Amino acid sequence: MKTKKRHLPLGLVMAAGLALTASAQADDAVVKVTPLGSHDGEFCSRDRALIFEDPNGTRILYDAGRTVAGPDDPRLGNIDVILVSHMHGDHVGDQRIDKTNQGSCGNPETSVSSLPQSNTVDIALKKNSTIVTGSEMPAFFAAKLKEGGGDPGKSLLVRFGGSRDVGGVSITTVPAVHSNGVSPSFLTGPLADYLAAAGVSASVGPPTGYVLTFSNGLVVYLSGDTGITAEQKLVVKEHYGAQLVVINIGDTFTTGPTEAAYVINDLISPAAVIASHANEAATENGKVVAGTRTARFTELVSAAVHVPLSGRTMAFNGAAGCISGCN
């Protein structure tokens, strides 16, 4: 007896084909990550800034700091969104380089003042970028944008537990354990004088980290300056499922290489990690220098470790696999 062949409805076949095609396209879509450091092809002591580019073209600048040569830095291109983890000068940008490769990797020349606006605000004004921050930082940046002739409405708030979709990328803030005072040098008038005389900073709430979910499904955790926190496991791993982590390893002011390795190995367990904020000349001729904090971190971590060499673009798929540009 012959078994009668069953044929799926044409609509189901077409739907399945479209789903497979969409899945393949998602697998092929990559998030591009480009470090903007002080010295081309190296990972240097003041390097903080990273540009993330979604497959849909949205470009996000994270912690511009001192190694972006202002809004006219030719490496920037279009910047749709700027993220600031906290208000310390090496992250928001109290001073900056004039151009790359000035001074040494261990002590780059950052002689151009960005006060009182900040490198972040200067870039936002020129690029018409949206600044997305947590805590009480949005009001500060709104005032700065207005002072510079920009739109204060371009400073947006996202607090812990909430999220914003900006340009097709979901952005949320997560806790960081650090300080977050605004130096009087960013302020003007009597308040700046009073704070400076008292030796204190203005408070804008707690510092933050970020979790970004890109259109190809890649989830990225940006630690900001932080020590070890329980939220790195409970929130970053268990709720958001971050697969790519950018973590600070500079020690003293933030997690050191041993503590950061514990966060990666035991708390988050991502597929890949980008070292950041090493506070050292971590590489020479693009190779990690033996005996550095970066070398120690690389030795300790079980996930794939990528060193952010300035100007070298890394490309990640939705599972945090590096497709190109990684060392």
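The protein is annotated in an unreviewed UniProt entry as Metal-dependent hydrolase of Marinobacter nauticus.

**Section: the UniProt feature "domain: Metallo-beta-lactamase" (unreviewed entry) in the protein**
Per the UniProt annotation, the sites labelled "domain: Metallo-beta-lactamase" (unreviewed entry) are residues 58-277. Between the C-alpha atoms that bound residues 58-277 there is a distance of 24 Å. The span itself is 24% helix and 24% strand.

**Quick look at the pairing of strand β14 (residues 219-222)**
What you see with β14 is no split at all: Val-219 and Tyr-221 on one side and Val-220 and Leu-222 on the other are buried throughout. Where strand β13 (residues 208-213) lies against β14, 4 bridges are found, and the strand directions are antiparallel. By the bridge assignment, Val-211 is partnered in β14 with Tyr-221. Counting the residues in the hairpin turn of β13 and β14 gives 5 residues, including Gly-217, whose phi is positive at 95°. The pairing of β14 with strand β15 (residues 244-248) spans 3 bridges and is classified as parallel. In the strand pairing of β15, Leu-222 is matched with Val-246. What joins β14 to β15 is helix α6 (residues 231-237), and the crossover it makes is right-handed.

**Side note on the pattern of salt bridges**
Enumeration according to the criterion identifies 9 salt bridges in this entry. Residue Arg-48 pairs with Asp-90 through a salt bridge whose shortest N-O separation is 3.0 Å. In this pair, Arg-48 sits in the loop between β1 (31-35) and β2 (50-53) while Asp-90 sits in helix α2 (residues 89-92), placing the two residues 42 residues apart along the sequence. The same class applies to Arg-48 as to Asp-90, namely buried. Note that Asp-94 is salt-bridged to Arg-66, the shortest N-O span being 2.8 Å. Of this pair, Asp-94 sits in the loop between α2 and β5 (95-96) while Arg-66 sits in the loop between β3 (59-62) and β4 (81-83), placing them 28 residues apart in sequence. By relative accessible area, which is 17% here, Arg-66 ends up buried.

**Describing the sheet that holds strand β9 (residues 164-166)**
Judged by pairing direction, the sheet is mixed, and its 7 strands sit side by side in the order β9-β10-β13-β14-β15-β16-β19 without closing on themselves. Two strands lie at the open edges of the sheet, namely β9 and β19 (304-306), each paired on one side alone. Each strand of the sheet is rotated relative to its neighbour by a mean of 25°, with strand direction disregarded. Relative to the sheet, helix α7 (residues 257-268) contacts β14, β15 and β16 (272-276), its axis offset from that of β15 by approximately 150°.

**Quick word on the packing of aromatic side chains**
For the coordinates displayed, the defined rule picks out 2 aromatic pairs. On the numbers, 6.1 Å between centres and 25° between planes, the contact of Phe-52 with Phe-214 is stacked. Residue Phe-52 is found in strand β2, and its partner Phe-214 is found in the loop between β13 and β14; the two are separated by 162 residues along the sequence. Just as Phe-52 is buried, Phe-214 falls in that class too. An angle of 80° between the planes, with centres 5.3 Å apart, marks the rings of Phe-140 and Phe-141 as edge-to-face.

**What to know about helix α8 (residues 293-300)**
Those residues of α8 lying buried are Thr-294, Ala-295 and Phe-297. All buried residues of α8 lie within an arc of 160° about the axis, which places them on one face of the element. The inward-facing, buried residues of α8 abut β15, α7, β16, β18 (287-288) and β19.

**Focus on the packing of α7 against α8**
Geometry of a packed helix pair, given as the angle between the helix axes and the separation of the axes. As a packed pair, α7 and α8 sit with axes 9 Å apart at the nearest point and diverge in direction by 30°. Relative to α8, the element α7 is oriented roughly parallel. α8 is crossed by α7, and the crossing has right-handed handedness. In this structure, α7 uses Pro-257, Thr-258, Ala-260, Ala-261, Ile-264 and Asn-265 to contact α8, whose residues at the interface are Arg-293, Arg-296, Phe-297 and Leu-300. By residue class, the composition of the contact of α7 with α8 is 6 nonpolar, 2 polar and 2 charged.

Calculation criteria
Residues numbered from 1 in each chain as written. Predicted model: local features only at pLDDT ≥ 70, side-chain atom pairs only at ≥ 80, totals over all residues. Heavy atoms only, no water. UniProt positions renumbered as here; feature names shortened; annotations may be inferred. Helix = DSSP H or I, 4+ residues; strand = E, 2+ residues; numbered from the N terminus. Buried < 20%, exposed > 50% of the residue type's maximum accessible area, 1.4 Å probe, protein only. Pairing = 2+ DSSP bridges. Right-handed = clockwise from strand over helix to strand, strands pointing away. Salt bridge = Lys/Arg side-chain N within 4 Å of Asp/Glu carboxyl O. Axes fitted to C-alpha atoms, helices over the stretch in contact; angles between N-to-C directions. Contact = heavy atoms within 4.5 Å. Phe/Tyr/Trp six-rings, centres within 6.5 Å; stacked < 30°, edge-to-face > 60°. Arc of directions from axis to C-beta. Parallel < 35°, antiparallel > 145°, perpendicular 65-115°, else oblique. Left-handed = near helix turned anticlockwise from the far one by under 90°. Nonpolar A, V, L, I, M, F, W, Y, C, P; charged D, E, K, R; others polar.

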